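# Architecture at a glance
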Amino acid sequence: MYRRRIGAVVLAVVAMAFTTGIVGASAEADDGGDLMPFLARWGGDWGTPHLTISGGGSVSGSDGCNGIWTDVTRLEGDRLMTDRGWGQTLRACVNDPDVLRSIPSSLAVEDGELVLYDEDDVVIARLSRSVPPLRVSVLGEWRADGDGPWIRLHADGSVEGYDGCSWFAGTDGSAKGDVYRFPAELSYTEAACPPEAREWTRVPYEARVWDGVLEVFDAVGVHLTTLPRGR
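Remember, it's a predicted structure, so these values are computed and weren't measured experimentally. (Residues numbered from 1 in each chain as written. Predicted model: local features only at pLDDT ≥ 70, side-chain atom pairs only at ≥ 80, totals over all residues. Heavy atoms only, no water.)

## With respect to the overall build of the chain
We apply this condition: Each helix is a run of DSSP H or I of at least 4 residues and each strand a run of E of at least 2, with the numbering of both proceeding from the N terminus. Accessibility here uses a 1.4 Å probe with only protein chains present; expressed as a share of the type maximum, an area under 20% marks a residue as buried, one over 50% as exposed, and anything in between as partly exposed. Pairs of residues are marked as contacts when any of their non-hydrogen atoms sit within 4.5 Å. Exposure was quantified through the Shrake-Rupley algorithm and a 1.4 Å probe, taking into account, for residues, occlusion by the shown protein chains and nothing else.
A tally of regular secondary structure across the chain gives one helix and 22 strands. Sorting the 231 residues of the chain into buried and exposed places 47% on the buried side. Long-range contacts, defined as pairs at least 24 residues apart, comprise 52% of the intrachain contacts of the chain with a sequence gap of at least 6. Carbon and sulfur atoms form 51% of the exposed surface of the chain, whose accessible area is close to 11,200 Å².

Next comes the structure, spelled out in structure tokens:
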């Protein structure tokens, strides 16, 4: 067995979290607002602007180029305020018309769309709902067809799985609703495989249930794999 650490990438994310004020999910309803209309995936496919809003008010997605996320939100009336800090990856995108011109300071659901507002209350973008509200537990087994990858997630935070080449396991993850956060350290078997045999080559960081399937991401929001619910 050997161990992989998320390492420098996670340290960079943690450092960014502290510098942007991300200290944990809150979504506090300051005046009795309702979070439920927001809980969905909004926007287009990978490579276009999209956001997923999960239980507790955490928001993650892409501005069309870079991954963006925040766990510090609050409800004010019909607005979900996101002006207390975002994390963001640092890919270079030049003159891409699909990239959001700024990070939203607040969000609202209007006429079935998620409307993104900047700090001056000007509309940045309107995103259509792409996945129904998220009310599915992330726990259980998620498995590709045949001999492909699979992941089994447990209520105590432990995980075991197979990435298409090696078996892995960990014990100190966490699950909440439709989101699972992988352990900071995973143990892997020492399997020798050609590169094409391994479904993903980066360390998994978070998994979310979207539209009945499990989407797995690394620490900077790169999509690793999609797994349907196991039988």
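## Observations regarding the environment of Arg229
Among the structural elements, Arg229 can be located in the segment after strand S22 (223-228). Considering only alpha carbons, one finds Arg229 and Val213, 16 residues apart in sequence, at a separation of 6.2 Å.

## Regarding the pairing of strand S6 (residues 67-70)
This is how it is decided: The pairing criterion for strands is at least two bridges between them, as found by DSSP.
Burial of the side chains of S6 extends over both faces: Gly67 and Trp69 are buried on one face and Ile68 and Thr70 on the other. Bridge count between S6 and strand S9 (residues 87-88): two bridges; the pairing is antiparallel. Directly across from Trp69, in S9, lies its bridge partner Gly87.

## Describing the nonpolar core
As a reminder, the rule being used: Nonpolar core, defined: a set of buried Ala, Val, Leu, Ile, Met, Phe, Trp, Tyr and Cys residues in which side-chain atoms within 4.5 Å join the residues together.
Counting 19 residues, the largest nonpolar core has Phe38, Leu51, Ile53, Leu80, Leu107, Leu114 and Leu116 as its most contacted members. The dominant element in this core, judged by the number of residues it contributes, is strand S12 (residues 123-131), at three residues. In contact with Leu80, other than residues within four places in its own chain, are Leu35, Phe38, Ile53, Val59, Thr73, Arg74, Leu75, Ser106 and Leu107. Counting 17 residues, the second-largest nonpolar core is a separate cluster that includes Trp142, Val159, Phe168 and Leu214.

## Quick look at the sheet that holds strand S18 (residues 179-181)
Cut-off, in case you're wondering: Every angle, taken between N-to-C directions, lies between 0 and 180 degrees, and every axis is a line fitted to C-alpha atoms, over only the stretch in contact when it is a helix.
Taken in spatial order, the five strands make up an open sheet running S17-S18-S20-S21-S22, and their pairing is antiparallel. Pairing within the sheet leaves two strands with one partner each, and these edge strands are strand S17 (174-176) and S22. For this sheet, the mean inter-axis angle between neighbouring strands, taken without regard to orientation, is 20°. Bridging between S17 and S18 involves three bridges; their strand directions are antiparallel. Each residue of the ladder has a partner; that of Lys176, found in S18, is Val179.

## Describing the packing of aromatic side chains
As a reminder, the rule being used: In this scheme Phe, Tyr and Trp rings, the latter by its six-membered ring, pair at centre separations within 6.5 Å, and the angle between planes marks the pair as stacked below 30 degrees, edge-to-face above 60, and tilted otherwise. Two limits define a charge over a ring: the Lys NZ or Arg CZ must be within 6 Å of the ring centre, and within 35 degrees of the ring normal.
Following the criterion strictly, the structure yields three aromatic pairs and no others. Taken together, a centroid distance of 5.1 Å and an interplanar angle of 85° make the contact between Tyr180 and Phe182 edge-to-face. Comparing Tyr180 with Phe182 shows no difference in burial state: the two are buried. The ring of Tyr117 is capped by Arg79, whose NZ or CZ atom sits 3.8 Å from the centre of that ring.

## Focus: unusual backbone geometry
Keep in mind that most residues, glycine aside, have a negative phi and that most peptide bonds are trans. Even without being a glycine, Asp111 presents a positive backbone phi close to 55°. Within the element layout of this structure, Asp111 appears in the loop between strand S10 (106-110) and strand S11 (113-117). Positive phi is not limited to glycine here, since Asp121 has a value of about 65°. Inspection of the secondary structure puts Asp121 in the loop between S11 and S12.

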